[in-house]
Amino acid sequence: MAIKSIFKKDIYRHIDGVIKAEDNDVLKNELEEFVITDEIRGNLETFFENYNDGNSNGAWISGFFGSGKSHLLKILAAVLENRDVGGRRAAEIFLEHCEDNEDFTILKGLVERATRTPSRSILFNIGQQADATGRADRKDTILPAFLQVFNAHCGYCEQNPAVAAFERQLDEEDGHLAAFEAKFKELSGRDWKTNGRTRVMRYGAQIDQAYSAVTGTSATDIIGRYINQDFSVKDFANLVKDYIAKQKPGFRLNFFVDEIGQYVANSTPLMLTLQSIAEKLNTECRNSSWIIVTSQSNVTDVVGEMDDEQGNDFSRIIGRFNTKIQLSSKNVGEVIRARLLEKDAGAVPEVASVYNDFSGDMASIYDFADGMRKYRSFADCDDFVSLYPFVPYQFDLFRSAMIELSNHDAFTGRFQAVGERSTLEVCQIALKKLDAEGKIGSMIPFDLWFDGIEASIKPNIKNQVHIAANQLHNLDDEKKKLAIRVLKVLLIVKYVRGDYVASPRNICSLLIEDLSVNFAQLLADVKTVLSTLESESYVQRVGENYEYLTDSEKDLDSEIKRVIVDQSEVTAMLKDILFAGVIRGRKITASNGQAYAFTQMLDGATVGRPDGDLSVNFITPVNPDAGDLSGIMQQSFAKDELTVVLKPDPAILADIQNYLKTTKYLAQNPPMSQPDLALRTLLESRQTHKGAIQRRVEVAIRDKISSATILVRGTEVTVRATDPASRIKEGFSDLASKVYAHFRMV
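Residues numbered from 1 in each chain as written. Predicted model: local features only at pLDDT ≥ 70, side-chain atom pairs only at ≥ 80, totals over all residues. Heavy atoms only, no water.

The geometry of an aromatic ring pair is captured by two quantities: the separation of the ring centres and the angle between the planes. Applying the stated rule across the entire model yields 36 aromatic pairs. For the ring pair Phe390 and Phe395, a centre distance of 5.9 Å and an interplane angle of 50° mean the geometry is tilted. With a relative accessible area of 12%, Phe395 lands in the buried category. A network of ring pairs unites the aromatic residues Phe124, Phe146, Phe150, Phe236, Tyr243, Phe251 and Phe255 as a single cluster. (Phe/Tyr/Trp six-rings, centres within 6.5 Å; stacked < 30°, edge-to-face > 60°. Buried < 20%, exposed > 50% of the residue type's maximum accessible area, 1.4 Å probe, protein only.)

Along its 13 residues, helix α12 (residues 233-245) runs 18 Å from first to last C-alpha, staying within 8% of the 18 Å computed at 1.5 Å per residue. Looking at the buried residues of α12, the elements they touch are β4 (119-125), α7 (142-154), α8 (161-174), β5 (252-258) and α14 (268-285). (Helix = DSSP H or I, 4+ residues; strand = E, 2+ residues; numbered from the N terminus. Expected span 1.5 Å × (residues − 1). Contact = heavy atoms within 4.5 Å.)

The subject of this paragraph is the pairing of strand β15 (residues 709-712). When a strand is regular, its side chains alternate between the sheet's two faces. A two-sided burial pattern is seen for β15, the buried positions comprising Thr709 and Leu711 on one face and Ile710 and Val712 on the other. Relative to β15, strand β14 (residues 641-645) is paired through 4 bridges, and the arrangement is antiparallel. Its bridge partner being in β15, Val644 is matched across the sheet by Ile710. As paired elements, β15 and strand β16 (residues 715-716) share 2 bridges and run antiparallel to each other. When the sheet's bridge partners are listed, Leu711 is paired in β16 with Glu716. Counting the residues that bridge the hairpin from β15 to β16 gives 2 residues, and of these Arg713 lies at a positive phi of roughly 55°. (Pairing = 2+ DSSP bridges.)

Burial analysis of β5 places 7 of its 7 residues in the buried class, the great majority of the element. Neither face of β5 is left uncovered, since the one carrying Arg252, Asn254, Phe256 and Asp258 and the one carrying Leu253, Phe255 and Val257 both have all their residues buried. Note: β4 against β5, 7 bridges, orientation parallel. Looking across to β5, one finds that Asn125 is bridged to Asp258. Here 3 bridges tie β5 to strand β6 (residues 291-295), and the two strands are oriented parallel to one another. Bridge pairing in β6 places Phe256 opposite Ile292.

This brings us to α8. With 14 residues, α8 should cover 20 Å at 1.5 Å per step; its first-to-last C-alpha distance of 19 Å lies within 8% of that length. For α8, the complete set of buried residues consists of Ala162, Val163, Ala164, Phe166, Glu167, Arg168 and Leu170. Where α8 is buried, its residues touch α7, α9 (177-188), α10 (192-196), α11 (204-215) and α12. With a side-chain oxygen lying 3.0 Å from the backbone nitrogen of Ala162, the N-terminal cap of α8 falls on Asn160. In the segment just after α8, Gly175 is the residue with positive phi, at about 70°. (Polar contact = N/O pair within 3.5 Å; in protein donor to acceptor, adjacent residues only side chain to side chain.)

Here we take up the nonpolar core. Of all hydrophobic cores here, the largest spans 88 residues; its most connected members are Phe384, Phe390, Phe446, Trp449, Tyr500 and Ile507. With 9 residues, helix α24 (residues 477-492) is the largest single contributor of residues to this core. By size, the runner-up hydrophobic cluster in this structure holds 41 residues, among which are Ile577, Tyr596, Ile710 and Val717. (Core = buried A, V, L, I, M, F, W, Y, C linked by side-chain atoms within 4.5 Å.)

Now for the side chain of Arg686. Relative to the elements of secondary structure, Arg686 occurs in helix α31 (residues 677-706). In this view, Arg686 contacts Gln540, Leu556, Asp557, Ile560, Asn658, Thr662 and Leu666; residues no more than four positions away in its chain are not counted.

Another point: the packing of helix α17 (residues 329-341) against helix α21 (residues 423-437). Interhelical geometry of α17 versus α21 gives an angle of 45° and a closest axis separation of 10 Å. By the criterion of interaxial angle, the relationship of α17 to α21 is oblique. As α17 runs across α21, the sense of the crossing is right-handed. Taken together, the residues of α21 that come into contact with α17 (itself represented by Val332, Ile336, Arg339, Leu340 and Leu341) are Thr423, Leu424, Cys427, Gln428 and Leu431. Considering only residue class, the contact of α17 with α21 consists of 7 nonpolar, 2 polar and 1 charged. (Axes fitted to C-alpha atoms, helices over the stretch in contact; angles between N-to-C directions. Parallel < 35°, antiparallel > 145°, perpendicular 65-115°, else oblique. Left-handed = near helix turned anticlockwise from the far one by under 90°. Nonpolar A, V, L, I, M, F, W, Y, C, P; charged D, E, K, R; others polar.)

Inspection of the secondary structure assignment puts His97 in the loop between α4 (90-95) and α5 (105-115). For His97, a relative accessible area of 23% corresponds to the partly exposed category. Through-space distance from the C-alpha of His97 to that of Leu107 is 10 Å; in sequence the pair is 10 residues apart. Once you skip the residues sitting within four places of it in the chain, His97 turns out to touch Leu31, Glu32, Glu33, Phe34, Ile36 and Phe104. At a separation of 3.4 Å, a polar atom in the side chain of His97 contacts the main-chain carbonyl oxygen of Phe34.

Turning our attention to the pattern of salt bridges. Here the structure, examined in full by the defined rule, presents 41 salt bridges. Arg686 serves as the salt-bridge partner of Asp557, at 2.5 Å between the closest nitrogen and oxygen. Within this pair, whereas Asp557 is found in helix α27 (residues 551-561), its partner Arg686 is found in helix α31, the two being separated by 129 residues in sequence. Accessibility expressed as a relative area gives 5% for Arg686, which makes it buried. The closest approach of N and O atoms between Lys738 and Asp734, which form a salt bridge, is 2.8 Å. In this pair, Lys738 and Asp734 are both assigned in helix α32 (residues 724-739), 4 residues apart and thus about one turn of the helix distant. (Salt bridge = Lys/Arg side-chain N within 4 Å of Asp/Glu carboxyl O.)

Spelled out as structure tokens, the structure:
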């Protein structure tokens with residue numbers, strides 16, 4: 001059975017990640033499919049109650065990337081305006097979701113009351129609109145953006161505020177705008193709205209002549225009189241007030257502003273301007289002009305961070321945006337289940353049988369035990385059926401990943417959340433991909449989520465995924481395909497710290513395509529491709545954690561790998577860790593209370609000066625012969641030597657070399673001496689990374705000592721202690737008791 005056949009709704013139907021206000025066909029579909037969860041119902045009841053009662057004049061919708069906040073904003077804009085959508089009123093379509101459900105009685109009444117109040121909605125994305133103002137200084141863009149969209153709503157020039165002011169005066173004060181437009185066309189042969197007002201310098205003479213003809217007033221460079229005029233927030237509020245006064249009684253003009261939180265965050269001028277606009281609209285228009293905005297963070301958090309960091313008091317803006325709507329990840333999951341994943345009744349038994357066959361394996365293959373966060377698995381069969389073919393962890397991990405990718409400027413476009421794609425759209429893309437290749441029992445692996453956001457990721461971040469696809473010649477086709485999938489998931493989780501550890505085992509859990517997977521074989525294959533990806537600088541390893549490298553990070557990694565490190569430097573680091581870090585001195589106090597000097601040895605060779613009759617010889621994990629225990633026993637036989645045999649581990653040698661190469665490179669290229677900020681940031685990151693490598697090597701070696709074989713004169717001795725230093729002391733005491741006849745136990 002094909003994947004698409006198990007769903008109640010067509011998974012290939014158009015679901016737009018961005019609802020455009022003017023697109024009636026899309027808007028009608030979105031209104032019809034809008035899902036009112038319990039969380040949304042409660043939030044909407046609060047919103048419409050405050051809107052109807054005139055409590056304040058602002059609402060702040062917050063939620064993580066892809067949570068549906070922009071979707072909700074646009075739905076509210078359509079419903080409040082009650083615009084015609086494909087021959088039906090928006091509120092009529094919306095209210096169909098409230099029929100035959102007692103829980104929705106209150107919401108239905110509130111919406112009906114709200115839509116009896118005449119209103120118009122002005123909907124815009126603040127980042128896009130602010131860019132359109134052409135202002136070089138970003139801190140001076142909020143008010144011009146509001147003015148632009150208001151001018152466009154009134155039918156005046158959106159691009160040029162001077163032209164809009166000219167048109168407004170002709171229209172409202174003199175009533176000559178229509179006559180002016182006709183006269184301009186007569187003189188220039190051009191339409192004013194499509195050609196004239198966007199090319200005022202070219203048609204300056206015709207503009208002056210047309211103005212003089214319709215007003216009877218001679219003018220030269222009439223448009224120039226309106227350029228650089230002072231325009232305040234109060235002036236804007238008065239324009240809105242005057243506009244509202246000319247409409248029906250009770251009329252409201254509402255501004256719906258998408259992604260305001262990201263735009264104003266950490267900018268005092270922008271936040272003050274937003275606060276001022278909200279206050280002045282409230283003062284001049286009372287509850288007749290609302291501002292409804294979206295943000296990743298709630299208004300209290302945004303304001304709190306700015307108060308703490310910049311010593312400002314933005315408490316008044318909290319009062320203005322008194323209506324707060326918070327969208328949670330639970331709400332997103334409910335919406336996706338209802339809009340995309342609802343199953344056809346006939347397919348439920350077959351999907352349930354998949355759960356019954358594999359439920360015993362799911363807890364282990366989807367376990368991320370070594371992270372700080374416990375990701376949820378399926379609760380029961382019903383949970384599996386409703387979410388299939390997705391896995392619960394994917395939604396929470398995706399949320400964390402998107403937030404961190406945005407924080408690290410990984411997406412194209414300014415102030416845009418995941419390139420304006422919703423989680424719903426990303427899931428649909430993954431579902432289509434699975435349907436093309438999978439069958440019932442197939443699961444959506446996390447790398448398919450990458451396909452839904454790839455277009456929004458900056459080229460310098462994602463390039464290595466595409467480069468690898470044309471390289472990696474030492475891998476066969478299947479391994480190369482797996483390597484690309486590994487790179488995709490590592491890119492997604494690149495900046496997720498702590499909650500998720502990208503170990504080989506955890507990476508396997510992200511890549512599961514079928515519940516019947518041979519997990520052990522998958523793990524072996526993943527380790528193989530990770531080794532290749534690391535050697536070719538597509539990823540870097542920090543302990544068990546693997547991290548995807550961007551273009552600039554890969555270039556830096558390649559440069560560091562070219563640094564030469566000789567064996568003496570490796571020996572010096574091991575000596576420091578073992579003798580200075582573990583034993584901590586040139587003498588060991590044995591169990592009889594006597595301190596004995598000893599000669600320090602690594603892999604059978606003395607390091608430093610000989611000291612005393614006894615020796616401590618560490619067979620290090622970087623020694624290629626460390627696994628030959630019988631040979632080591634023969635070599636140490638009859639020697640007054642404590643031999644500590646650490647199990648071989650090539651990864652420790654790789655980490656030591658990485659640490660030493662990074663140390664050398666940073667010494668030659670100090671981060672603070674770099675004029676380029678991006679390079680300085682990369683080097684500082686490597687400095688932090690270097691410290692993590694050192695700590696990992698130290699921990700790994702101490703763990704090796706805790707399980708090491710202890711030999712005295714070539715014979716293994718039983719050591720009860722587990723702490724590294726205590727094991728050395730106990731073994732050394734045994735050696736001293738055999739060497740010195742008068743050794744007394746105390």
